[in-house]
Amino acid sequence: MGAHIVFLGPPGSGKGTQSVLLGKKLKVAHVNVGEMLREAIRTKSPVGVTAREYLDRGELVPDSLVIRLVGDLLSHPPASNGFILDGFPRTLLQAEELEKLLEGDGGKLRHAIYLRVSKEKVLDRLTLRLVCGACSAVYHQKYSPPREKGKCDACGGGLTGRNDDRPDVVARRLAIYEKESQPILDYYRKKGILREVDGNGRPEEVTRTLYEVVGVK
Ligand code: AP5
(Lines give C-alpha, C1' and ligand atoms only; values in the text may rest on other atoms or scores of the structure.)
Protein backbone atom coordinates (compact mmCIF):
# COMPACT_ATOMS: atom_id res chain seq x y z
CA MET A 1 0.00 0.00 0.00
CA GLY A 2 1.34 3.51 -0.91
CA ALA A 3 2.16 6.35 1.45
CA HIS A 4 -0.57 8.26 3.29
CA ILE A 5 0.58 11.80 4.04
CA VAL A 6 -1.11 15.04 5.13
CA PHE A 7 0.23 18.58 4.64
CA LEU A 8 -0.40 21.18 7.34
CA GLY A 9 0.57 24.86 7.49
CA PRO A 10 -0.85 28.36 7.21
CA PRO A 11 -2.42 29.75 4.04
CA GLY A 12 0.36 30.51 1.57
CA SER A 13 2.94 28.34 3.33
CA GLY A 14 3.58 26.40 0.12
CA LYS A 15 1.46 23.30 0.81
CA GLY A 16 0.21 23.20 -2.76
CA THR A 17 3.63 23.86 -4.29
CA GLN A 18 5.43 21.22 -2.23
CA SER A 19 2.73 18.56 -2.00
CA VAL A 20 2.36 18.35 -5.79
CA LEU A 21 6.10 17.67 -6.10
CA LEU A 22 6.11 15.06 -3.34
CA GLY A 23 3.05 13.36 -4.84
CA LYS A 24 4.84 13.02 -8.20
CA LYS A 25 8.00 11.80 -6.50
CA LEU A 26 6.17 9.11 -4.52
CA LYS A 27 3.74 8.36 -7.36
CA VAL A 28 0.66 8.76 -5.20
CA ALA A 29 -2.50 10.80 -5.71
CA HIS A 30 -2.38 14.48 -4.78
CA VAL A 31 -5.66 15.60 -3.23
CA ASN A 32 -6.12 19.38 -2.87
CA VAL A 33 -9.30 19.97 -0.91
CA GLY A 34 -9.40 23.75 -1.53
CA GLU A 35 -9.11 23.11 -5.28
CA MET A 36 -11.88 20.50 -5.14
CA LEU A 37 -14.12 23.09 -3.48
CA ARG A 38 -13.22 25.79 -6.02
CA GLU A 39 -13.99 23.34 -8.85
CA ALA A 40 -17.36 22.57 -7.21
CA ILE A 41 -18.04 26.33 -7.10
CA ARG A 42 -17.07 26.75 -10.77
CA THR A 43 -19.42 23.95 -11.84
CA LYS A 44 -22.17 25.16 -9.46
CA SER A 45 -22.62 21.68 -8.00
CA PRO A 46 -24.65 21.37 -4.75
CA VAL A 47 -21.38 21.19 -2.77
CA GLY A 48 -20.16 24.31 -4.57
CA VAL A 49 -23.36 26.25 -3.89
CA THR A 50 -22.98 25.59 -0.15
CA ALA A 51 -19.21 26.08 -0.06
CA ARG A 52 -19.10 29.37 -1.96
CA GLU A 53 -20.04 31.74 0.88
CA TYR A 54 -17.46 30.14 3.20
CA LEU A 55 -14.61 30.46 0.72
CA ASP A 56 -15.59 34.03 -0.16
CA ARG A 57 -15.41 34.97 3.52
CA GLY A 58 -12.21 32.98 4.15
CA GLU A 59 -13.95 30.66 6.60
CA LEU A 60 -13.80 26.89 6.87
CA VAL A 61 -16.50 24.90 5.10
CA PRO A 62 -18.50 22.84 7.66
CA ASP A 63 -16.75 19.67 8.81
CA SER A 64 -19.64 17.40 7.78
CA LEU A 65 -19.42 18.51 4.13
CA VAL A 66 -15.63 18.29 3.81
CA ILE A 67 -15.36 14.98 5.66
CA ARG A 68 -17.95 13.44 3.30
CA LEU A 69 -16.11 14.82 0.27
CA VAL A 70 -12.73 13.47 1.40
CA GLY A 71 -14.19 10.17 2.59
CA ASP A 72 -15.74 9.50 -0.84
CA LEU A 73 -12.51 10.31 -2.57
CA LEU A 74 -10.19 8.26 -0.39
CA SER A 75 -12.27 5.13 -0.68
CA HIS A 76 -11.72 4.91 -4.46
CA PRO A 77 -8.58 4.52 -6.62
CA PRO A 78 -6.20 6.21 -7.15
CA ALA A 79 -6.36 7.77 -3.66
CA SER A 80 -7.16 4.43 -1.98
CA ASN A 81 -3.65 3.33 -2.99
CA GLY A 82 -1.95 6.15 -1.11
CA PHE A 83 -2.33 9.92 -1.12
CA ILE A 84 -0.98 13.31 -0.27
CA LEU A 85 -3.76 15.32 1.33
CA ASP A 86 -3.24 19.07 0.89
CA GLY A 87 -5.44 21.24 3.12
CA PHE A 88 -7.01 18.48 5.22
CA PRO A 89 -7.40 18.14 8.17
CA ARG A 90 -8.07 21.70 9.33
CA THR A 91 -9.95 20.89 12.52
CA LEU A 92 -9.32 18.30 15.20
CA LEU A 93 -12.57 16.57 14.24
CA GLN A 94 -11.34 16.22 10.64
CA ALA A 95 -8.09 14.68 11.93
CA GLU A 96 -10.00 12.15 14.05
CA GLU A 97 -12.39 11.29 11.23
CA LEU A 98 -9.49 10.79 8.82
CA GLU A 99 -7.96 8.29 11.19
CA LYS A 100 -11.24 6.37 11.36
CA LEU A 101 -11.58 6.38 7.57
CA LEU A 102 -8.07 4.97 7.21
CA GLU A 103 -8.53 2.36 9.92
CA GLY A 104 -11.60 1.10 8.09
CA ASP A 105 -9.37 0.38 5.07
CA GLY A 106 -6.45 -1.00 7.10
CA GLY A 107 -4.37 2.11 6.31
CA LYS A 108 -2.35 4.44 8.48
CA LEU A 109 -0.91 7.95 8.14
CA ARG A 110 2.85 7.86 7.67
CA HIS A 111 3.67 11.59 7.95
CA ALA A 112 1.90 14.79 8.98
CA ILE A 113 4.09 17.44 7.37
CA TYR A 114 3.93 20.86 8.96
CA LEU A 115 5.30 23.69 6.81
CA ARG A 116 6.34 26.39 9.27
CA VAL A 117 6.42 29.84 7.64
CA SER A 118 6.50 33.37 9.12
CA LYS A 119 3.46 35.62 8.82
CA GLU A 120 5.42 38.20 6.76
CA LYS A 121 6.33 35.54 4.17
CA VAL A 122 2.78 34.27 4.00
CA LEU A 123 1.43 37.77 3.27
CA ASP A 124 4.11 38.38 0.65
CA ARG A 125 3.33 35.07 -1.05
CA LEU A 126 -0.45 35.43 -1.09
CA THR A 127 -0.70 39.03 -2.26
CA LEU A 128 1.41 38.26 -5.36
CA ARG A 129 0.11 34.76 -6.15
CA LEU A 130 -1.24 34.10 -9.64
CA VAL A 131 -3.40 31.13 -10.61
CA CYS A 132 -4.29 29.81 -14.06
CA GLY A 133 -8.04 30.01 -14.67
CA ALA A 134 -7.87 26.98 -17.01
CA CYS A 135 -5.57 24.43 -15.32
CA SER A 136 -5.11 25.91 -11.80
CA ALA A 137 -1.29 25.98 -12.04
CA VAL A 138 0.14 28.33 -9.41
CA TYR A 139 2.71 31.13 -9.97
CA HIS A 140 4.13 34.01 -8.00
CA GLN A 141 4.80 37.41 -9.55
CA LYS A 142 8.22 37.65 -7.86
CA TYR A 143 9.36 34.13 -6.94
CA SER A 144 8.02 31.93 -9.74
CA PRO A 145 6.74 34.17 -12.54
CA PRO A 146 5.37 32.74 -15.77
CA ARG A 147 7.60 32.98 -18.85
CA GLU A 148 5.09 35.29 -20.55
CA LYS A 149 3.29 37.88 -18.42
CA GLY A 150 -0.31 36.90 -17.59
CA LYS A 151 -0.11 33.54 -19.44
CA CYS A 152 0.17 30.03 -18.02
CA ASP A 153 3.39 28.21 -19.07
CA ALA A 154 1.59 24.88 -19.05
CA CYS A 155 -1.58 25.61 -21.02
CA GLY A 156 -1.53 29.27 -22.11
CA GLY A 157 -4.56 30.08 -19.90
CA GLY A 158 -5.01 33.53 -18.31
CA LEU A 159 -3.52 34.19 -14.86
CA THR A 160 -5.28 36.11 -12.10
CA GLY A 161 -5.15 36.47 -8.31
CA ARG A 162 -7.34 34.16 -6.23
CA ASN A 163 -10.61 35.64 -4.90
CA ASP A 164 -9.70 34.79 -1.32
CA ASP A 165 -6.25 36.41 -1.54
CA ARG A 166 -7.74 39.88 -0.87
CA PRO A 167 -6.15 41.37 2.29
CA ASP A 168 -9.37 41.28 4.38
CA VAL A 169 -10.05 37.64 3.48
CA VAL A 170 -6.41 36.64 4.05
CA ALA A 171 -6.60 38.17 7.54
CA ARG A 172 -9.67 36.04 8.30
CA ARG A 173 -8.05 32.86 6.93
CA LEU A 174 -4.96 33.45 9.06
CA ALA A 175 -7.00 34.12 12.20
CA ILE A 176 -8.93 30.86 11.69
CA TYR A 177 -5.72 28.96 11.03
CA GLU A 178 -4.21 30.26 14.28
CA LYS A 179 -7.30 29.18 16.21
CA GLU A 180 -7.67 25.69 14.72
CA SER A 181 -4.13 24.50 14.02
CA GLN A 182 -2.57 23.94 17.44
CA PRO A 183 -4.80 21.00 18.50
CA ILE A 184 -4.07 19.28 15.16
CA LEU A 185 -0.32 19.73 15.54
CA ASP A 186 -0.53 18.38 19.13
CA TYR A 187 -2.60 15.42 17.93
CA TYR A 188 0.00 14.33 15.37
CA ARG A 189 2.92 15.15 17.66
CA LYS A 190 1.50 12.74 20.24
CA LYS A 191 1.23 10.06 17.57
CA GLY A 192 4.90 10.60 16.70
CA ILE A 193 4.26 11.42 13.02
CA LEU A 194 4.52 15.23 13.00
CA ARG A 195 7.40 16.32 10.72
CA GLU A 196 8.24 20.01 10.96
CA VAL A 197 9.75 21.56 7.86
CA ASP A 198 11.09 25.12 7.67
CA GLY A 199 9.12 26.52 4.75
CA ASN A 200 10.67 30.01 4.74
CA GLY A 201 13.37 29.39 2.14
CA ARG A 202 13.24 29.32 -1.64
CA PRO A 203 10.96 26.61 -3.13
CA GLU A 204 13.87 24.33 -4.06
CA GLU A 205 15.41 24.68 -0.56
CA VAL A 206 12.10 23.74 1.04
CA THR A 207 11.80 20.73 -1.29
CA ARG A 208 15.29 19.57 -0.30
CA THR A 209 14.52 19.81 3.43
CA LEU A 210 11.17 18.11 2.92
CA TYR A 211 12.69 15.15 1.08
CA GLU A 212 15.28 14.76 3.84
CA VAL A 213 12.61 14.83 6.52
CA VAL A 214 10.48 12.16 4.86
CA GLY A 215 13.48 10.11 3.71
CA VAL A 216 12.99 10.54 -0.06
CA LYS A 217 15.98 10.70 -2.45
P1 AP5 B 1 -6.87 26.21 0.21
O2 AP5 B 1 -6.96 26.37 -1.25
O3 AP5 B 1 -6.35 24.92 0.75
O4 AP5 B 1 -6.05 27.43 0.78
P5 AP5 B 1 -4.99 27.55 1.98
O6 AP5 B 1 -4.83 26.47 2.94
O7 AP5 B 1 -5.33 28.87 2.56
O8 AP5 B 1 -3.65 27.46 1.26
P9 AP5 B 1 -3.25 28.17 -0.02
O10 AP5 B 1 -3.73 27.42 -1.22
O11 AP5 B 1 -3.63 29.64 0.04
O12 AP5 B 1 -1.66 28.18 0.08
P13 AP5 B 1 -0.62 27.00 0.00
O14 AP5 B 1 -0.10 26.72 1.36
O15 AP5 B 1 -1.10 25.86 -0.82
O16 AP5 B 1 0.53 27.79 -0.77
P17 AP5 B 1 0.94 27.77 -2.35
O18 AP5 B 1 1.76 26.56 -2.63
O19 AP5 B 1 -0.23 28.06 -3.23
O20 AP5 B 1 -8.31 26.43 0.87
C21 AP5 B 1 -9.12 27.50 0.45
C22 AP5 B 1 -10.42 27.52 1.23
O23 AP5 B 1 -11.13 26.26 1.05
C24 AP5 B 1 -10.30 27.64 2.75
O25 AP5 B 1 -10.15 29.00 3.15
C26 AP5 B 1 -11.63 27.04 3.21
O27 AP5 B 1 -12.69 27.93 3.00
C28 AP5 B 1 -11.81 25.88 2.25
N29 AP5 B 1 -11.22 24.63 2.75
C30 AP5 B 1 -10.15 23.97 2.22
N31 AP5 B 1 -9.87 22.85 2.93
C32 AP5 B 1 -10.79 22.81 3.93
C33 AP5 B 1 -11.02 21.90 5.01
N34 AP5 B 1 -10.24 20.83 5.20
N35 AP5 B 1 -12.02 22.17 5.86
C36 AP5 B 1 -12.83 23.25 5.68
N37 AP5 B 1 -12.67 24.14 4.69
C38 AP5 B 1 -11.66 23.92 3.81
O39 AP5 B 1 1.92 29.04 -2.34
C40 AP5 B 1 1.42 30.36 -2.18
C41 AP5 B 1 2.20 31.32 -3.11
O42 AP5 B 1 3.57 31.37 -2.69
C43 AP5 B 1 2.24 30.90 -4.59
O44 AP5 B 1 2.24 32.05 -5.36
C45 AP5 B 1 3.57 30.15 -4.73
O46 AP5 B 1 4.09 30.23 -6.05
C47 AP5 B 1 4.45 30.90 -3.72
N48 AP5 B 1 5.43 30.05 -3.05
C49 AP5 B 1 5.28 28.78 -2.60
N50 AP5 B 1 6.38 28.35 -1.96
C51 AP5 B 1 7.26 29.40 -1.99
C52 AP5 B 1 8.59 29.60 -1.49
N53 AP5 B 1 9.22 28.63 -0.82
N54 AP5 B 1 9.17 30.80 -1.69
C55 AP5 B 1 8.53 31.79 -2.36
N56 AP5 B 1 7.27 31.66 -2.86
C57 AP5 B 1 6.65 30.48 -2.68
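All values derive from a computational prediction rather than experimental measurement.

(A) Broad picture of the packing of aromatic side chains. Counted according to the given criterion, the structure contains one aromatic pair. For the pair Tyr-187 and Tyr-188, a centre-to-centre distance of 5.2 Å together with 75 degrees between the ring planes defines the contact as edge-to-face. Taking the ring centre of Tyr-187 as reference, the NZ or CZ of Lys-191 above it sits at 4.9 Å.

(B) Main features of the environment of Leu-69. Within the fold, Leu-69 resides in helix H4 (residues 63-74). Separated by 33 residues in sequence, Leu-69 and Met-36 place their C-alpha atoms 8.9 Å apart. Sequence-distant contacts of Leu-69, defined by excluding residues within four places in its chain, comprise Met-36, Leu-37 and Val-47.

(C) Structural view of the environment of Leu-174. With respect to the helices and strands, the residue Leu-174 is situated in helix H7 (residues 167-191). Assessed through its relative accessible area of 5%, Leu-174 is described here as buried. Distance in space between the C-alpha atoms of Leu-174 and Glu-59 is 9.7 Å, their sequence separation being 115 residues. Ignoring anything within four residues of it in the chain, the contact list for Leu-174 reads Pro-10, Pro-11, Lys-119, Val-122 and Leu-123.

(D) Quick look at the pairing of strand E4 (residues 111-116). The buried fraction of E4 is high, at five of six residues. Bridge analysis of strand E1 (residues 4-8) against E4 gives four bridges, and the strand direction is parallel. Within E4, the position partnered with Val-6 by the bridge is Ala-112. Where E4 meets strand E8 (residues 194-198), five bridges bridge the pair, whose relative direction is parallel. Residue pairing across strands places Arg-116 opposite Asp-198, the latter belonging to E8.

(E) Geometry of unusual backbone geometry. Along the chain, Phe-88 connects to Pro-89 via a cis peptide bond; the corresponding omega equals 5 degrees. Within the fold, Pro-89 resides in the loop between strand E3 (83-86) and helix H5 (92-104). Despite not being glycine, Lys-44 has its phi angle at roughly 55 degrees, a positive value. Inspection of the secondary structure assignment puts Lys-44 in the loop between helix H2 (33-42) and helix H3 (46-57). Residue Lys-44 is classed as exposed on the basis of its relative accessible area of 65%. With a phi close to 70 degrees, Ser-136 is a non-glycine residue in the positive phi region. Residue placement: Ser-136 occurs in the loop between strand E5 (129-132) and strand E6 (138-140).

(F) The arrangement of the sheet that holds E3 in detail. Here five strands make up an open sheet; going across it, the order is E2-E3-E1-E4-E8 and the pairing parallel. Edge strands, defined here as strands with exactly one partner in the open sheet, are strand E2 (29-32) and E8. Strand-to-strand twist of the sheet, defined as the mean angle between neighbouring strand axes without regard to direction, takes the value 20 degrees. The strands that H2 touches are E2 and E3; relative to E2, the one it contacts most, it runs at about 65 degrees.

(G) Representation of the side chain of Ser-19 within the structure. Note on placement: Ser-19 falls in helix H1 (residues 15-26). Under the relative-accessibility criterion, Ser-19 is labelled buried at 0%. Within the local environment of Ser-19, its side chain forms a polar contact with the backbone oxygen of Lys-15, the two atoms lying 2.5 Å apart. Not counting chain neighbours up to four residues away, the residues in contact with Ser-19 comprise Phe-7, His-30, Ile-84 and Asp-86.

(H) Region of the structure containing the packing of helix H6 (residues 119-127) against H7. Two numbers describe how H6 lies on H7: the axes approach to 12 Å, and their chain directions differ by 140 degrees. Viewed along their axes, H6 and H7 adopt a mutual orientation that is oblique. H6 and H7 meet at a crossing whose hand is right-handed. Within the contact between the two elements, H6 uses Lys-119, Val-122, Leu-123 and Leu-126 and H7 uses Val-170, Arg-173, Leu-174 and Glu-178.

What counts and how
Residues numbered from 1 in each chain as written. Predicted model: local features only at pLDDT ≥ 70, side-chain atom pairs only at ≥ 80, totals over all residues. Heavy atoms only, no water. Phe/Tyr/Trp six-rings, centres within 6.5 Å; stacked < 30°, edge-to-face > 60°. Lys NZ or Arg CZ within 6 Å of the ring centre and 35° of its normal. Helix = DSSP H or I, 4+ residues; strand = E, 2+ residues; numbered from the N terminus. Contact = heavy atoms within 4.5 Å. Buried < 20%, exposed > 50% of the residue type's maximum accessible area, 1.4 Å probe, protein only. Pairing = 2+ DSSP bridges. Axes fitted to C-alpha atoms, helices over the stretch in contact; angles between N-to-C directions. Polar contact = N/O pair within 3.5 Å; in protein donor to acceptor, adjacent residues only side chain to side chain. Parallel < 35°, antiparallel > 145°, perpendicular 65-115°, else oblique. Left-handed = near helix turned anticlockwise from the far one by under 90°.

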